[in-house]
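Observations on the three-dimensional arrangement
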Amino acid sequence: MRSRFIPLAAIAAAAIPAPLCATVYMTVQQVQAAWFPNQALIPDDRTLSPEQMAAIRAHSGVHVLSRTVRSWHAPHGGRLFVDRVLGKHEFITLALAVNADGTVRGLEILDYRESYGGQVRDPAWRHQFVGKQDGAPFELDKDIRNNSGGTLSARHVTEGVKRLLATNSIVFGAG
């Protein structure tokens with residue numbers, strides 16, 4: 001006679017949600033080639049001091065998530081940052097290209113892990129940041145158009161850009 005009981009391991013396995021898969025849209029190498037064509041970018045990662053972290057937070061109004069800044073310097077001017085911001089539940093990896101004068105050259109979402117809110121990948125939405133610089137107004141729903149169904153992602157990407165522009169000014173002396 002067969003048992004009508006389900007093994008405890010089967011119940012536990014069914015209760016664990018399946019992990020979300022990250023969708024990778026671009027690699028760092030693809031972004032480098034697109035925004036800095038025919039230039040070999042030079043890695044220039046930095047570890048922020050507590051004083052730098054405090055200065056970035058005070059200047060941008062945005063909390064610094066990591067002491068490590070991933071960036072590359074372009075020989076003909078400009079810098080590429082790769083960073084993460086929190087969407088609603090998962091991290092969003094973004095790339096921000098900045099011109100030598102500190103203005104945004106481009107913003108790209110490298111990978112996105114949320115099941116909704118991916119409107120931050122819309123080229124027209126990302127284009128709002130082009131030409132912005134440290135100290136420019138960055139208020140969601142006022143200076144930056146929001147995304148219906150993706151407010152937290154839009155807010156956090158906007159804050160991430162604002163924080164990276166402050167980092168560019170404070171740490172790298174650009175802009």
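Residues numbered from 1 in each chain as written. Predicted model: local features only at pLDDT ≥ 70, side-chain atom pairs only at ≥ 80, totals over all residues. Heavy atoms only, no water.

Some remarks on the side chain of Thr158
Stated formally: Working definition: helices are DSSP H or I runs of at least four residues, strands are E runs of at least two. Numbering for both runs from the N terminus. Residues are treated as being in contact if the distance between any of their heavy atoms lies within 4.5 Å.
Positionally, Thr158 belongs in helix H5 (residues 151–172). Once residues lying within four places of it in the same chain are set aside, the contact partners of Thr158 are Trp125, Phe129, Phe138, Leu140 and Ile144.

Let's talk about the pattern of salt bridges
Inclusion rule: Every case where a carboxyl oxygen of Asp or Glu lies within 4 Å of a side-chain nitrogen of Lys or Arg is listed as a salt bridge. Between buried and exposed lies partly exposed: a residue is buried under 20% and exposed over 50% of the maximum accessible area for its type, with that area taken using a 1.4 Å probe on protein chains only.
Inspection of every chain in the model, using the stated rule, returns 4 salt bridges. For Arg79, the salt bridge identified is with Asp44, shortest N-O distance 3.0 Å. Separated by 35 residues along the polypeptide, Arg79 in strand S5 (residues 79–86) and Asp44 in the loop between strand S2 (42–43) and strand S3 (46–47) bring together distant segments of the chain. Note on Asp44: relative accessible area 18%, which makes it buried. Linking Asp83 and Arg163 is a salt bridge whose minimum nitrogen-to-oxygen distance equals 2.5 Å. With Asp83 in strand S5 and Arg163 in helix H5, the pair connects residues that are 80 residues apart, well separated along the chain. Via salt bridges that share partners, Asp44, Arg46 and Arg79 belong to a single interconnected network.

What to know about the pairing of S5
Filter applied, for reference: Between any two strands, at least two bridges found by DSSP are needed for them to pair.
In terms of residue burial, S5 counts as a mostly covered element, since 6 of its 8 residues are buried. When strand S4 (residues 68–73) meets S5, the two strands line up antiparallel, connected through 4 bridges. For Ser71, the partnering residue across the bridge sits in S5 and is Phe81. Relative to strand S6 (residues 91–98), S5 runs antiparallel, the two being bridged by 8 bridges. Along S6, the bridge assignment pairs Val82 with Ala95. Hairpin remark: S5 followed by S6, antiparallel, with 4 residues in the connecting loop.

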